[in-house]
Amino acid sequence: MRQRASRRRRFTVVTLGVLIAGVGIGCTQPVEQPIGFGPSDVVKMEVYLYPYGASGDAAAQYLEVEDKRDIAQWVRFFDYLPIVAAEFAENTLVGQEVVGLRFHLHEGDSFEISQVFIGGESVLIVQADESRWVSRYGSPLASLPDALSVDVSEAPRIGTP
């Protein structure tokens with residue numbers, strides 16, 4: 001019974017997400033690209049907030065998350081996020097807000113993914129392999145509560161296209 005309800009909820013969430021995302025993204029149909037692990041595989045998560053293109057002695061806000069409920073929300077968000085392949089010119093990205101995430105997995109590996117918020121209209125998703133996707137989902141964070149300040153070089157890196 002629980003599995004059926006879960007499947008139904010996933011179908012509803014995915015269907016609504018695809019319909020809503022398709023309105024603003026254009027003719028290309030959004031797809032899901034699962035991140036390849038579940039919430040129970042994650043030990044902790046690091047969240048970084050910084051402007052795109054920051055380098056040198058620039059600072060990033062940093063927060064470590066170990067609460068399993070928060071981790072589960074982030075993992076599910078990326079697992080079910082409707083996305084389409086995308087490219088953006090470098091000059092449109094510089095200075096835009098980046099939320100960089102690093103998931104630390106039980107077996108010692110980590111997975112990095114970043115969101116670049118572009119003018120409040122699009123969210124560029126960049127994975128560690130430099131694949132780039134766009135979505136309309138996600139909201140920029142004004143700040144991270146109780147965040148530490150760390151060197152931006154510690155954040156998940158986004159290479160230039």
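What counts and what doesn't
Residue numbers restart at each chain and count upward from 1, following the sequence in its written direction. Where totals are concerned, whole chains, interfaces and linings use all residues; where local detail is concerned, this predicted model gives features only for residues with pLDDT of at least 70, and gives and counts side-chain atom pairs only at 80 or more. For side-chain calculations, the full set of non-hydrogen atoms in the structure is used, while hydrogens and water are omitted. What counts as a helix is a DSSP run of H or I of at least four residues, what counts as a strand is a run of E of at least two, and both are numbered from the N terminus. Here a residue-residue contact requires only that any non-hydrogen atoms of the pair lie within 4.5 Å. Note on areas: Shrake-Rupley, 1.4 Å probe, and residue coverage restricted to the protein chains presented here. Two strands pair under a simple rule: DSSP has to find at least two bridges between them. The angle between two axes is taken between their N-to-C directions and runs from 0 to 180 degrees, where each axis is a line fitted to C-alpha atoms and a helix contributes only its stretch in contact. Accessible area is worked out with a 1.4 Å probe on protein chains only. A residue is then buried under 20% of its type maximum, exposed over 50%, and partly exposed in between. One fewer than the residue count of a helix, multiplied by 1.5 Å, yields its expected span. In this description, one arc is meant: the one made by directions from the helix axis to the C-beta atoms. Two N or O atoms form a polar contact when they lie within 3.5 Å of each other; inside protein one atom must be a possible hydrogen donor and the other a possible acceptor, and for residues adjacent in sequence the pair counts only when both atoms belong to side chains. Between rings of Phe, Tyr and Trp, where Trp is taken as its six-membered ring, a pair exists when centres lie within 6.5 Å; planes separated by under 30 degrees are stacked, by over 60 edge-to-face, and by other angles tilted. A pair is scored as a salt bridge if a Lys or Arg side-chain nitrogen falls within 4 Å of a carboxyl oxygen belonging to Asp or Glu.

A. Just the overall build of the protein chain, in detail. For the protein chain, the helix and strand inventory stands at three helices and eight strands. Start at the N end of the protein chain and walk to the C end: the helices and strands fall as α-β-β-α-β-α-β-β-β-β-β. Across the protein chain, the fraction of contacts at a sequence separation of at least 24, relative to all contacts at a separation of at least 6, is 70%. When the accessible surface of the protein chain is summed, it comes to about 9100 Å², and 54% of that surface belongs to carbon and sulfur atoms.

B. Spotlight on the sheet that holds strand 8 (residues 148-151). Spatially, 3-7-6-5-4-1-2-8 is the arrangement adopted by the eight strands of the open sheet, whose pairing is antiparallel. The open sheet has two free edges, formed respectively by strand 3 (84-85) and strand 8, since each of these has just one partner strand. Here strand 1 (residues 42-51) runs beside strand 4 (residues 97-105); their pairing, made up of nine bridges, is antiparallel. Residue pairing in the sheet places Met 45 in a bridge with Phe 103 of strand 4. Against the sheet, helix 2 (residues 68-79) touches strand 1, strand 2 (59-65), strand 4, strand 5 (110-118) and strand 6 (122-127), its axis set at about 70° to strand 1.

C. Looking closely at unusual backbone geometry. The phi angle at Asp 146 is positive, at roughly 60°, despite the residue not being glycine. A relative accessible area of 73% places Asp 146 in the exposed class.

D. Layout of helix 2. Its twelve residues place the ends of helix 2 16 Å apart at the C-alpha level, agreeing with the 16 Å of an ideal helix rising 1.5 Å per residue. All of the buried residues along helix 2 are Ile 71, Ala 72, Val 75, Phe 78 and Asp 79. In an axial view of helix 2, the angular spread of the buried residues amounts to 135°, which keeps them on one side of the axis. Along helix 2, the residues that are exposed and aim more than 90 degrees away from the buried face are Arg 69 and Gln 73. Packing partners of the buried residues in helix 2 comprise strand 1, strand 2, strand 4, strand 5 and strand 6. Its side-chain oxygen 2.8 Å from the backbone nitrogen of Arg 69, Asp 67 forms the N-cap of helix 2.

E. A look at the packing of aromatic side chains. Following the criterion strictly, the structure yields seven aromatic pairs and no others. A ring pair is formed by Trp 74 and Phe 77, whose centres lie 6.4 Å apart and whose planes are at 80°; its orientation type is edge-to-face. Placement of the pair is Trp 74 and Phe 77 together in helix 2, with a separation of three residues, close to one helical turn. You can call Phe 77 partly exposed: its relative accessible area is 27%. Ring plane angle 75° and centroid distance 5.1 Å describe the contact between Phe 77 and Phe 78, whose orientation is recorded as edge-to-face. Its relative accessible area of 3% is what places Phe 78 among the buried residues. Counting every residue linked through ring pairs, the aromatic cluster contains Phe 37, Phe 103 and Phe 111.

F. Expanded view of the pattern of salt bridges. Taken as a whole and assessed by the stated rule, the structure comprises four salt bridges. Between Lys 44 and Glu 64 there is a salt bridge whose closest N-O contact spans 3.3 Å. With Lys 44 in strand 1 and Glu 64 in strand 2, this pair connects stretches of sequence that are 20 residues apart. A salt bridge links Arg 102 to Glu 46; the nearest nitrogen and oxygen atoms lie 2.7 Å apart. Linking Arg 102 in strand 4 with Glu 46 in strand 1, this pair joins segments that are 56 residues apart in sequence. A relative accessible area of 11% places Arg 102 in the buried class. Residues participating in the shared-partner salt-bridge network are Glu 46, Arg 102 and Glu 112.

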